[in-house]
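# What the coordinates show
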Amino acid sequence: RRRDSCVISQRFSRYFPATDCVPVQCDSYVSLQPPIFRPMRLLLIEDHRDIAANIAEFFEATGDTVEHVLEGERGLQLALNQPYDAIVLDLMLPGLDGLFLCRQLRQAGHTRVPVLMLTAKDTLQDKIEGFEAGADDYLVKPFSLAELDVRLKALLRRANLAPAQRLVTGGH
């Protein structure tokens, strides 16, 4: 399968908007990626195998590394013991759910690794609970792979700012 064909959206249009199906858009997107980003090392905790396979294929095509697990408990073990640039976390998982997993991760002191919640839960209350559990971003299914990519890069850009580079607002 070729990445520029966007087969993923045609096969799983329920999860990915139709705009991702146009090869020109995918080709343009790939070619316009800024060169400042190094390859990402992602932990993907997602129990839907087809969605996970498509996310992994998308990111691995640009040189990123994706480690995928299906269960919350295994995801938490990896997140606590392996270095990742970011975590993409589904909420409705077998075993530990994503909210509990995120809370445990943050309580264990893992506050620097960005967590993006990727879920079908789309109410305002769901989003509030996600952010209160420690998520840095929240993306609702169906979603665009291109949007997932730019959101992760934005999270990494903010996470990697040195203290002197951070924007300070206020009277002083």
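Scroll up a little and you will see the structure.
For clarity, every value in this text was computed on a predicted model and none was experimentally measured. (Residues numbered from 1 in each chain as written. Predicted model: local features only at pLDDT ≥ 70, side-chain atom pairs only at ≥ 80, totals over all residues. Heavy atoms only, no water.)

In this structure, Leu43, Ile45, Ile87, Leu89, Leu105 and Met117 are the most contacted members of the largest nonpolar core, which totals 22 residues. Those elements that place two or more of their residues in this core are strand E1 (41-45), helix H4 (72-81), strand E3 (86-89), helix H5 (98-107) and strand E4 (115-119). Ranked by residue count, the leading element in this core is H5, at four residues. Those residues in contact with leucine 89 that lie beyond four places of it in its chain are Ile45, Gly98, Leu101, Cys102, Val115, Leu116, Met117 and Leu118. (Core = buried A, V, L, I, M, F, W, Y, C linked by side-chain atoms within 4.5 Å. Buried < 20%, exposed > 50% of the residue type's maximum accessible area, 1.4 Å probe, protein only. Helix = DSSP H or I, 4+ residues; strand = E, 2+ residues; numbered from the N terminus. Contact = heavy atoms within 4.5 Å.)

The contact between helix H3 (residues 49-60) and helix H7 (residues 145-159) brings their axes to 11 Å, and the two run at 60°. The handedness of the crossing between H3 and H7 comes out as right-handed. The segment H3 lies against H7, with Asn54, Ile55, Phe58 and Phe59 engaging Leu145, Ala146, Leu148, Asp149 and Leu152. Partitioning the contact of H3 with H7 into residue classes produces seven nonpolar, one polar and one charged. (Axes fitted to C-alpha atoms, helices over the stretch in contact; angles between N-to-C directions. Left-handed = near helix turned anticlockwise from the far one by under 90°. Nonpolar A, V, L, I, M, F, W, Y, C, P; charged D, E, K, R; others polar.)

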